[in-house]
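What the coordinates show
Okay, here's what each chain looks like letter by letter:
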Amino acid sequence: MPEFCDVALPVPLEMVFTYRVPGEATPVVGGRVLVPFRQRRMTGIVVDLHDRKPSVKTKPILSVLDASPVLDDQLLRLGRWIAEYYLAPLGEVFRTMLPLNAEFKRAIAYRITPEGQMALHLAGMSGSSARSRRTPDEQAAEFRVLDYLAAQEPEPGETVQVREPTLRAATGASKLILSGMVRKKWLAREDVSAVQDATRTVKIAVLKSVEGKLNDHQRAIVDTLAASGGRVAVEALQGLEVPRTTLSTLARRRVVEIIEEPAAFEISRSKPRPSFEFDFNAAQQAALARLREAVDAKKFAGILLHGVTGSGKTAVYLAGMRAVLDAGRSAILLVPEIGLTPAVAADLHQIFGEEVAILHSALSDRERAQQWHRIKSGEARMVVGTRSAVFAPVADLALIIVDEEQDSSYKQEETPRYHARDIAVVRAKMANGVVVLGSATPSLESYFNAKKNKYALVELPDRVEKRPLPEVEIIDMRQEFQESGQEQVISRKLAAEIKERFERKEQVMVLLNRRGYSPLVLCRTCGKTLECQNCAIALTLHKREHKMVCHYCGYTAPVPKACAHCGSEYVYFLGTGSEKLEELLHGMFPQARIARLDRDTVRGHQDFERTLNALSEGELDLLVGTQMIAKGHDIHGVTLVGVIGADSALGLPDFRAAERTFQLLTQVAGRAGRGQSPGKVVLQTYFQDHYAVQYAARHDFAGFYDKELRFRSWMHYPPYSALANVLIRSDKLDEALQWSGTLGKWFEQNRHEGVRVLGPAAAPILRLKRDYRYHFVLKSPSREKLNSTLRAMLAYAAARKIPRTQVIVDVDAIWLM
């Protein structure tokens, strides 16, 4: 066994760390080890085993966590590629790739030191105990801690460690007090983090023998158990109207036994489609044949599947995945939103049974670990999930499908800032597999690549069963104001169309891509708005919760009765969010069954499934929502879609504003008329002449693509250039200005051939989460030149002592705000 190993740790340092391998340890490349790092214990990935003795003293690894690699050679290569391309620390990349946090429990413990024992001894000699000393609260708490730790000692002169939660609960000491005692050297703080069993379990109450008298509460539990075959989950019994102690009493009397069993995992509560024996049209058959041919060749191939909304792209995906499974190979299906995952998973589960695994951030750590191990063991070969599912450890990967490939949620907004669509392409290349990018509104970059023959372009130009695309009627809200004499949220035309659908027992969706009740609070006296304390963003009124909320950092404040700046009582709530729209619709149609779908009503994936199931089952008449309702949902009863304020994004200082608006309008329009009845879209806009609105109304992607591409070429924006956003941030304005100025001078003095640099400039949102923000935008037709320039800039920043965590490099940035 080699003497040393290099370990990638999840820290913001672009280096690996060398540790000594003890004689009894047998680490493997791609496996995890537990190592000391400064004053902590951390898990890292072994990237090399060698006998090269480093020039500095090395620490030994504490333990080996895996006998075999958790990241195989292909995933290790992929991780290195991500670190290189996105300029991210390798250890942070590997942490993102492995959803195994549940298997490592971080814990801190304290023990009393000789100095602490001396302090306690001197306090005792003064004639008063720590508990009765007349001292300030902090000092009293310190001596309570010393008293408690000293009382835990098994023998004189020996010390024991007490974990932080136990110590704080027993003494009432805060973290601040414990840290102060460590600085005084009265306590020693030690990291006792360790591996733990991440198996999900559930407690089951099992009925044994019923002897003796039972009171009414005990009888209720026993009767429930008897009616359920003698076994019920403890969580289910807690729903009974009995005291929690009743079950414990029955367990002590041995009437009931409490056991733990591995918890089952429910893939989805969504109802699958009734049948998957699709009658494919000619275009679908051609697309499926092209996909199967590429998979059978066992060589890399990229396919852009461009199909209008309702053209049956999902059916092609599922048929392709079934062919892969029949061949004994594996496939990954990526979807952009957590809300889409359960519905797709339900479909997959009906076709593939237990061969399906699901991965997304709404799962608990233990659930994600359970699903990961099912995939790693080969138990599940079909994987569906959001962006992190692209790292699923499947064997013999044949096919990766990226549904709604244009969606911005595939881009991670924290380190490593990878784009799952692009990672899917790279992983498919490494695996000699096929990647399918599917969308009704492809990103300009993907469509441009297809036109340049980097991908095969496969078209589905018609809806299934020759259903027509929905008619789109544009309502000019400027003219609406002139005719009605007042500002309207819901135009007269949209209100009439909704009423007509209700009379015909049809369903309606209304999109307003803005959460909350009112997005702006304005003082009519001084003209100032109520802003977040941490961000340069106006707070949004959430009426039901009766508070003001920042949608960026989560800061909350009470609803103002007077202006915070001048004290005036003339506070005005401006604008409309989805909560207010729901209230307006309830007032207009009091008999209608209306629900809302946004981040305020959806706390977990079960809420999302419950609402969509209700819509599918005809239990709702109208669904109001943000962009969560715009993509992927196949509800046959919806014949009308109303769009309110979706063109507001056109005013943002972002070169992708028109593309995003066109995509959102087209996608939400595609929710209408997916059943037997034709659909209609009523699109309310203040920018009816804008080309994004006009092309969306005509369902004309090619026309939009050609026009937008001309603007991109003039300004050297993607797809004609690679782009990176460099963000300098600090909670001190002077530091942010100084650092951005320092880097700005470096860019001026070091001309980089083929790289355009814009900035420094204040970011459109100057302050976010307490940090002031300035940025540079870099553009280059050469990704290699862009990457080398960014690396040189980071090296210079490090030399000038600018903290690496305060310089954010976002390669292929899609959000410049």
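This text follows the structure it describes.
My aim in this report is to walk through the structure given alongside it, one point at a time. Keep in mind that what you see is a predicted model, and the values were worked out from it rather than measured.

Rules of the game
- Residues numbered from 1 in each chain as written.
- Predicted model: local features only at pLDDT ≥ 70, side-chain atom pairs only at ≥ 80, totals over all residues.
- Heavy atoms only, no water.
- Phe/Tyr/Trp six-rings, centres within 6.5 Å; stacked < 30°, edge-to-face > 60°.
- Helix = DSSP H or I, 4+ residues; strand = E, 2+ residues; numbered from the N terminus.
- Buried < 20%, exposed > 50% of the residue type's maximum accessible area, 1.4 Å probe, protein only.
- Patch = residues over 30% accessible without salt bridge, like charges linked within 9 Å, V, L, I, M, F, W, Y side chains within 5 Å.
- Areas by Shrake-Rupley, 256 points an atom, 1.4 Å probe, with all protein chains shown as cover.
- Salt bridge = Lys/Arg side-chain N within 4 Å of Asp/Glu carboxyl O.
- Pairing = 2+ DSSP bridges.
- Axes fitted to C-alpha atoms, helices over the stretch in contact; angles between N-to-C directions.
- Parallel < 35°, antiparallel > 145°, perpendicular 65-115°, else oblique.
- Contact = heavy atoms within 4.5 Å.
- Nonpolar A, V, L, I, M, F, W, Y, C, P; charged D, E, K, R; others polar.
- 1 Å grid on protein atoms, 1.4 Å probe; cavity = no way out; pocket = protein on both sides within 12 Å on 5 of 7 lines; lining within 4 Å.
- Points joined across faces, edges and corners; volume = space filled by probe spheres on them.
- Lys, Arg positive; Asp, Glu negative; His and termini not counted.
- Left-handed = near helix turned anticlockwise from the far one by under 90°.

What about the packing of aromatic side chains?
Across all of its chains, the model carries 20 aromatic pairs by this definition. Between the aromatic rings of Tyr 691 and Phe 704, the centroid separation amounts to 5.8 Å while the plane-to-plane angle is 25°, which identifies the pairing as stacked. Of this pair, Tyr 691 sits in helix H21 (residues 691-697) while Phe 704 is found in helix H22 (residues 701-715), placing the two residues 13 residues apart along the sequence. As far as burial versus exposure is concerned, Tyr 691 and Phe 704 are alike and both buried.

Regarding a nonpolar patch on the surface
A cluster of nonpolar side chains, namely Tyr 552, Leu 652 and Trp 815, defines an oily patch on the protein surface of about 260 Å² accessible area. Residue placement: Trp 815 occurs in the segment after strand E35 (807-811). Since its relative accessible area comes to 34%, Trp 815 is described here as partly exposed.

Topic: the sheet that holds strand E22 (residues 507-511)
Taken in spatial order, the six strands line up as E21-E31-E30-E22-E29-E28 in an open sheet, and their pairing is parallel. Where the open sheet ends on each side, the last strands, each with one partner, are strand E21 (471-476) and strand E28 (594-597). The sheet shows a mean angle of 15° between the axes of neighbouring strands, taken without regard to direction. Sheet topology note: the E22/strand E30 (residues 638-644) ladder contains five bridges and is parallel.

Details of the packing of helix H1 (residues 73-85) against helix H24 (residues 783-799)
In the contact formed by H1 and H24, the axes pass within 10 Å of each other and the chain directions differ by 75°. On the basis of their axis angle, the class for H1 and H24 is roughly perpendicular. The residues of H24 that touch H1, namely those facing Ala 83, Glu 84 and Tyr 85, are Arg 783, Asn 787 and Arg 791. Class assignment of the residues belonging to the contact of H1 with H24 gives a composition of two nonpolar, one polar and three charged.

Some points on the environment of Leu 304
For Leu 304, the location among the structural elements is in strand E14 (residues 301-307). Put simply, Leu 304 and Ala 792 are 488 residues apart on the chain and 35 Å apart in space, counted from C-alpha to C-alpha. Residues in contact with Leu 304, not counting those within four places in the same chain, are Leu 437, Pro 442, Ser 446, Tyr 447, Ala 450, Tyr 455, Ala 456, Leu 457 and Val 458.

Brief notes about the sheet that holds strand E34 (residues 771-780)
Hydrogen bonds between backbone atoms are what pair the strands of a sheet, whose relative direction is either parallel or antiparallel. Sheet architecture is open: four strands sit in the order E33-E34-E32-E35, paired in antiparallel fashion. The strands lining the two open edges of the sheet, one partner per strand, are strand E33 (756-768) and E35. On average, each strand axis in the sheet is inclined to that of its neighbour by 20°, with strand direction left out of account. Where strand E32 (residues 722-730) lies against E34, nine bridges are found, and the strand directions are antiparallel. Among the inter-strand pairings, Arg 729 is bridged to a residue of E34, identified as Arg 773. Against the sheet, helix H23 (residues 733-749) engages E32, E33 and E34, with an angle of about 20° to E34.

Here's the deal with empty space enclosed by the protein
Here the structure, examined in full by the defined rule, presents two cavities of 30 Å³ or more. Considering only enclosed or pocket space, the largest cavity measures out at about 70 Å³ in volume. Tallied by class, residues from the lining of the largest cavity come to nine nonpolar, two polar and one charged. Every residue lining the second largest cavity is listed: Ala 287, Leu 291, Ile 303, Leu 305, Val 316, Val 436 and Val 458. Those elements giving two or more residues to the lining of the second largest cavity turn out to be helix H10 (282-297) and E14. Looking at side-chain class alone, the lining of the second largest cavity contains seven nonpolar, no polar and no charged residues.

Description of the pairing of strand E15 (residues 330-334)
When you tally the buried positions in E15, you get five out of five residues, the bulk of the element. Burial along E15 is two-sided: the residues Ser 330, Ile 332 and Leu 334 and Ala 331 and Leu 333 are all buried. Bridge analysis of E15 against strand E18 (residues 397-403) gives five bridges, and the strand direction is parallel. In the sheet register, Ile 332 faces E18, and the bridge partner there is Ile 400. Of the pairings in the sheet, the one linking E15 to strand E17 (residues 382-385) comprises four bridges and is parallel in character. Of the residues in E17, the one forming a bridge with Leu 333 is Val 384.

Some words on unusual backbone geometry
With an omega of 15°, the peptide bond between Pro 718 and Pro 719 qualifies as cis. In this structure, Pro 719 sits in the loop between H22 and E32. A positive phi angle, close to 55°, is found at Lys 298, a residue other than glycine. If you trace the backbone, Lys 298 turns up in the loop between H10 and E14. Note on Lys 298: relative accessible area 53%, which makes it exposed. One non-glycine residue, His 546, lies in positive phi territory at about 55°. Looking at the secondary structure, you find His 546 in the loop between strand E24 (540-542) and strand E25 (547-549). Exposure remark for His 546: the relative accessible area of 57% places this residue in the exposed category.

Side note on the pattern of salt bridges
On inspection of all chains with the given rule, the structure shows 42 salt bridges. We note a salt bridge from Asp 810 to Lys 411, for which the minimum N-O separation is 2.6 Å. Separated by 399 residues along the polypeptide, Asp 810 in strand E35 and Lys 411 in the loop between E18 and helix H14 (420-431) bring together distant segments of the chain. On the basis of relative accessible area, Asp 810 is assigned to the buried category, the value being 5%.

Looking at the side chain of Glu 164
With respect to the element layout, Glu 164 can be found in helix H5 (residues 164-171). In this structure Glu 164 is buried but unpaired, with Lys 175 as the nearest side chain of opposite charge at 4.0 Å. Excluding residues within four positions of it along the chain, Glu 164 makes contact with Ile 108, Ala 109, Tyr 110, Lys 175 and Leu 178.

Considerations on the packing of helix H4 (residues 137-151) against H5
Closest axis-to-axis distance for the H4/H5 pair is 10 Å, and the angle between their directions is 120°. As judged from the angle between their axes, H4 and H5 are oblique. Considering how the two elements wind past one another, H4 and H5 form a crossing that is right-handed. Each of Arg 144, Val 145, Tyr 148 and Leu 149 in H4 lies in contact with H5, whose residues at this interface are Thr 166, Leu 167, Ala 170 and Thr 171. Of the residues assigned to the contact of H4 with H5, the class counts are five nonpolar, two polar and one charged.

So, to be careful, I would describe these as geometric facts and stop short of saying anything about function.
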